[in-house]
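# Observations on the three-dimensional arrangement
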Amino acid sequence: GEDVEQSLFLSVREGDSSVINCTYTDSSSTYLYWYKQEPGAGLQLLTYIFSNMDMKQDQRLTVLLNKKDKHLSLRIADTQTGDSAIYFCAESPNYGGSQGNLIFGKGTKLSVKP
Amino acid sequence: ETGVTQTPRHLVMGMTNKKSLKCEQHLGHNAMYWYKQSAKKPLELMFVYSLEERVENNSVPSRFSPECPNSSHLFLHLHTLQPEDSALYLCASSQKGASGKNEQFFGPGTRLTVL
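Residues numbered from 1 in each chain as written. Chains lettered and ligands numbered in written order. Predicted model: local features only at pLDDT ≥ 70, side-chain atom pairs only at ≥ 80, totals over all residues. Heavy atoms only, no water.

## Regarding the overall build of chain B
- Per the secondary structure count, chain B includes zero helices and eleven strands.
- Seen in sequence order, chain B has helices and strands lined up from the N terminus as β-β-β-β-β-β-β-β-β-β-β.
- Relative to the compact-globule value of 13 Å for 115 residues, chain B shows a C-alpha radius of gyration of 14 Å, a close match.
- Principal-axis analysis of the C-alpha atoms places the extent of chain B at approximately 45 × 30 × 30 Å.
- Taking all 115 residues of chain B together, the buried fraction comes to 45%.
- For chain B, the share of sequence-separated contacts (at least 6 apart) that also reach a separation of at least 24 residues comes to 55%.
- Total accessible area on chain B is roughly 5700 Å²; 51% of this is exposed by carbon and sulfur atoms.
- In chain B, the 12 positive side-chain charges and the 10 negative ones have mean positions that sit 7 Å from each other. (Helix = DSSP H or I, 4+ residues; strand = E, 2+ residues; numbered from the N terminus. Rg over C-alpha atoms; globule rule 2.2 N^0.38 Å. Buried < 20%, exposed > 50% of the residue type's maximum accessible area, 1.4 Å probe, protein only. Contact = heavy atoms within 4.5 Å. Areas by Shrake-Rupley, 256 points an atom, 1.4 Å probe, with all protein chains shown as cover. Lys, Arg positive; Asp, Glu negative; His and termini not counted. Charge placed at Lys NZ, Arg CZ, Asp CG, Glu CD.)

## Re the nonpolar core
- By size, the foremost hydrophobic cluster in this structure holds 21 residues, and its most contacted members are Trp34(B), Met46(B), Phe64(B), Leu76(B), Leu78(B), Tyr89(B) and Leu112(B).
- Elements supplying a minimum of two residues to this core: β2 (10–13), β3 (18–25), β4 (31–37), β5 (44–50), β8 (73–79), β9 (87–94) and β11 (110–114) of chain B. (Core = buried A, V, L, I, M, F, W, Y, C linked by side-chain atoms within 4.5 Å.)

## A few points about the interface of chain B and chain A
- Each partner contributes to the interface: chain B provides 22 residues, whereas chain A provides 21 residues.
- Taken together, the two surfaces of chain B and chain A that pack against each other cover about 1600 Å², and 53% of this comes from carbon and sulfur.
- Applying the counting criterion to the chain B and chain A interface returns zero salt bridges.
- Taken together, the connections running from chain B to chain A amount to six residue pairs in polar contact (both at pLDDT 80 or more).
- In terms of residue count, the dominant contributor to the side of chain B that touches chain A is β4(B) (three residues).
- In terms of residue class, the side of chain B that touches chain A is made up of ten nonpolar, six polar and six charged. (Buried area = accessible area lost by both parts, 1.4 Å probe. Salt bridge = Lys/Arg side-chain N within 4 Å of Asp/Glu carboxyl O. Polar contact = N/O pair within 3.5 Å; in protein donor to acceptor, adjacent residues only side chain to side chain. Nonpolar A, V, L, I, M, F, W, Y, C, P; charged D, E, K, R; others polar.)

So this is what it looks like as structure tokens:
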């Protein structure tokens, strides 16, 4: 089946690192994505990783992929109050009824305390 | 600004009304999507228009009717809605290709309230 799982909440202090975890089910997914949604806004693509990579770094963001365990994580270094938002993990199956579409998790709400 | 605009941003309607949501993308993409976002549920894909082909989620009720007159514009026509249809409706677009990459760019959404 297709299911993307994330924990619903994460609370960190400003300046700390945040790690948001995700597990997915479809090993055919060539790309995996992280989106950010601020209150009252649509989803903003943060970053993505190609399935043959283990890690991708983009400024304060680090994505780690464990393809064997189907585990994806997003690390935000030096977390700021402006990082408070909901973060969605998404996979893109290459086979089956959802081929080519994105399957999203329920989102992790990140709260950053000053 | 993602290059995807949606109007209206907020809509309140009665159950007997007919209204339409509009989405426009300025990115030259070849696929457009409607999603429904309800509290505490995963984002639900409702419809996809890709290369002039429509794909729909069979669980979407017939009171939602999409229209895609060209690759830049997408509408969602609403009629005889129910209070449980109240949600944030998000439009997205992407450039679908053989690589399998499907970066979707989202609009700000329409917050719909059905009374």
